[in-house]
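Now for the letters of each chain:
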Amino acid sequence: MSKVLMKGNEAIAEAAIRAGCLNYFAYPITPQSEVAEYLSWRMTEVNGVFLQGESEVAVSYMIFGAAGAGVRVFTTSSSPGISLMSEGISYLCGAQLPAVFVNIMRGGPGLGGILPSQADYNQATRGVGHGDCRLLVMAPASVQEAAEMVMMAFPLAEKYRNPVMLLGDGLIGQMMEPVEFPDHLKSEPSNKDSWATNGIDHRNGTTRNLVRSLFLDPEALNNNNLMLRAKYERMKAEEVRFEAYNTEGDYQVLIVSYGTMSRVCKTAINALKGQGVEVGLIRPQTLFPFPDVAIREAAAKPSCRTVLSIEMSMGQMVDDVERCLHGVRPVEWYGKCGGEVPTPEEIIDLVKASV
Amino acid sequence: MAKLFQRPKSMFDVSTHYCPGCTHGVIHRLVAEAIDALDIRGRTVGIAPVGCAVMAYNYIDCDFQEAAHGRAPAMATGIKRVRPDLMVFTYQGDGDLASIGMGEIVHAANRGEKFTTIFVNNAIYGMTGGQMAPTTMPNQRTTTSPFGRKTEEVGMPIRMAELLATLRTPGYITRQTVIKPKYIQKAKKAIERAFVYQMENRCFSFVEVISTCPTNWGMTPKDAVQWAEDVLLPYYPLGDQKTPDSEVTEKQVAAAGAA
């Protein structure tokens, strides 16, 4: 299929349909309302389900009900809306239901603003909701990558029977870029009949299925949490994705950055190269699981003297960068979180000051 | 010789964990009888609430999802929208439905979602230990209203059936009780009727059932029945609040719009 020019939010919507997800529930919130607007007519074309819920809380449980009934389902929201969905996300994790949540982040806390931000990093990578839950979190840096990640998200959610989150800053949703949708989605068939409440007759069975997260017996609850933990450990072993940029040669500075911010960093890195300063970049594409090993190895290069975590938040990912470095290199944070994206010039100055 | 009375096929052969004098067991049975009568067990999904009936799935034998407090109508919406062929019911208490889940039930009813809600109203929080509910009666003592419900501070009890009946979307909204045998047959018919409306893809259906909670009311089962009849039933009158057949005509709507 040829390339088309699309807004990020619309590309996310279209990618979900092409991933075979014909069920969408959502509540409007800037800066991602275009997803709902697009799907309000597009789902009609494909005989899918579109419903605008009365709140993000309700939407997260419409997702729960539909996922529990064994269909592919997703929603999109932005930061304050995700906070409201956090309850349902915890229940989805507890009941082991696959679903996809897209968070097109805006600034916070509180109402914050409507401009791009990456300030929900901690929320997303620490499970969003209460209890020992985790989401597989993917962070696109372009409209093309957002579409591809949406298409990857559904089979991953089903592989792990766990919610997957696409975490994009507001720019990912709002900017227009050429996008080419993959023709076919490669995924293993998922046997939902073993757990979905899709009706006993539907699965030609005799015994009923239960979708639940209540374990009053302490040993049973502990065992359930151990089982969930094993899933999250498996994600760490099998699902880490990252991009290494300009890491072949010797560099004095290593930048860790993701999403739109990483693109600005690349611009700065290219400019610095012209000035004789080499800087490497590790761009996490999954934020959970985090590319610990890749960052540690890149930072351990003898030429590398310092590591910069550059993010559109007041220093959240930097904690993960420090954690995986085990103190082998000093780590500095730089960022803004009012809606402005730090410029290449700011990053160039920052790098020069640190070498 | 034919058996005239037996355990419904859609109920497990187990004892319930409910207190003596609690009416959950009777209501569970009526739901199971309706499922049997309509032969829909193989395509029914129940939604168990937060509350004493959270383990309703230990007694009623069909697919079940377990809800967060108050969210059952949103879950039922999710299931019903993606699988309209399934029969879906929520089973909710008064703290669940009339307090924390007020938003979900009102909007589901107003959208005319084609599922059935069994609303068990015993005027108190049961599982958490007898706290005040939106349905607690004036001056009724609970663990969080030890001097009795003060209506000047927290308002009058909410009548959910009447509240939902104000919505213009067609629906079947009725209030029943199971505190005495004479009421049980009517409640059984109402629950069956609610499921039939769902089968016909006709409307949202809601059966409120006035119930007892002797343990948290601090009464014997016998006194609890009497109190329910003397105090609850006058405030929560039995009968249909609304049926899809009695819905206002388009002409009436147009007249109201013009007014």
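J.: Describe the overall build of chain A, naming the residues involved and giving the relevant values.
T.: Helix and strand counts for chain A stand at twelve helices and 15 strands. In terms of overall size, chain A behaves like a compact globule, its C-alpha atoms giving a radius of gyration of 21 Å where 355 residues would be expected to give roughly 20 Å. Overall, chain A is about 70 × 50 × 40 Å in size when its C-alpha atoms are taken along their principal axes. Looking at chain A residue by residue over its 355 residues, the buried ones come to 55%. A separation threshold of at least 6 residues defines the contact pool for chain A, and within that pool the share at least 24 residues apart is 79%.

J.: Please set out the interface of chain B and chain A residue by residue, giving values where relevant.
T.: Often, the extent of an interface is quoted as the loss of accessible area upon association of its parts. With 27 residues of chain B at the interface, the matching set in chain A holds 31 residues. Put simply, the parts of the chain that give the side of chain B that touches chain A at least two residues each are β2 (63-66), α2 (72-82) and α4 (102-111) of chain B. Looking at which element gives the most residues to the side of chain B that touches chain A, the answer is α2 of chain B, with eight residues. Pairing of strand β9 (residues 210-211) of chain A with β2 of chain B, which is carried by two bridges, proceeds in the parallel orientation. Bridging from a neighbouring strand, V211 of chain A pairs with Q65 of chain B of β2 of chain B.

J.: Tell me about unusual backbone geometry, residues and numbers included.
T.: Residue and element names in this part refer to chain A. Between T30 and the following residue, P31, the backbone shows a cis peptide bond with an omega angle of 5°. Look at the link from F288 to P289: it is a cis peptide, with omega at 0°. Positive phi, close to 50°, is recorded for N204, a residue that is not glycine. For N204, the position within the fold is in the loop between β8 (176-179) and β9. Located in the positive-phi region is H326, a residue other than glycine, with phi close to 55°. Tracing the sequence through the fold places H326 in the loop between α11 (317-325) and β15 (331-335).

J.: Talk me through the sheet that holds strand β14 (residues 306-311) of chain A; I want residue IDs and the actual numbers.
T.: Residues and elements named next belong to chain A. Pairing in this open sheet of five strands is mixed, and the strands run β10-β12-β11-β14-β15 from one edge to the other. Whereas interior strands pair on both sides, the edge strands pair on one side only; in this sheet they are β10 (242-245) and β15. Between one strand axis and the next, the sheet turns by 20° as a mean value, whatever way the strands run. Of the pairings in the sheet, the one linking β14 to β15 comprises five bridges and is parallel in character. Paired with L308 across the bridge in β15 is E332. Packed on one face of the sheet, helix α10 (residues 292-299) meets β10, β11 (253-256), β12 (279-284) and β14 and runs near 175° to β12. In the packing of α11 onto the sheet, the strands contacted are β11, β14 and β15, and the crossing angle to β14 comes to about 155°.

J.: Would you mind going over the packing of helix α1 (residues 24-38) of chain B against helix α7 (residues 181-199) of chain B in detail, with residue names and values included?
T.: Residues and elements named next belong to chain B. The contact between α1 and α7 brings their axes to 9 Å, and the two run at 45°. By the criterion of interaxial angle, the relationship of α1 to α7 is oblique. α7 is crossed by α1, and the crossing has right-handed handedness. From α1, V26, L30, V31, E33, A34, A37 and L38 reach across to α7, where they touch I184, A187, K188, I191, E192, F195 and M199. Class assignment for the residues of the contact of α1 with α7 results in eleven nonpolar, no polar and three charged.

J.: Which residues make up the sheet that holds strand β1 (residues 44-48) of chain B, and what values do they have?
T.: As summarised here, the arrangement of the eight strands in space is β9(A)-β2(B)-β1(B)-β3(B)-β4(B)-β6(B)-β5(B)-β7(B), forming an open sheet in which the pairing is mixed. Lying at the two open borders of the sheet, with one neighbouring strand each, are β9 of chain A together with β7 (239-242) of chain B. Sheet topology places strand β5 (residues 171-177) of chain B next to β7 of chain B; three bridges connect them, and they run antiparallel. For I173 of chain B, the partnering residue across the bridge sits in β7 of chain B and is K242 of chain B. Most of the contacts of α1 of chain B go to strand β4 (residues 116-121) of chain B, to which it runs at about 165°, and overall it touches β1, β3 (87-93), β4 and β6 (204-210) of chain B.

What counts, and at which threshold
- Residues numbered from 1 in each chain as written.
- Chains lettered and ligands numbered in written order.
- Predicted model: local features only at pLDDT ≥ 70, side-chain atom pairs only at ≥ 80, totals over all residues.
- Helix = DSSP H or I, 4+ residues; strand = E, 2+ residues; numbered from the N terminus.
- Rg over C-alpha atoms; globule rule 2.2 N^0.38 Å.
- Buried ≥ 20, exposed ≤ 12 C-beta atoms within 10 Å, placed from the backbone.
- Contact = placed C-beta atoms within 7 Å.
- Pairing = 2+ DSSP bridges.
- Axes fitted to C-alpha atoms, helices over the stretch in contact; angles between N-to-C directions.
- Parallel < 35°, antiparallel > 145°, perpendicular 65-115°, else oblique.
- Left-handed = near helix turned anticlockwise from the far one by under 90°.
- Nonpolar A, V, L, I, M, F, W, Y, C, P; charged D, E, K, R; others polar.

This is a description of form; function is not addressed.
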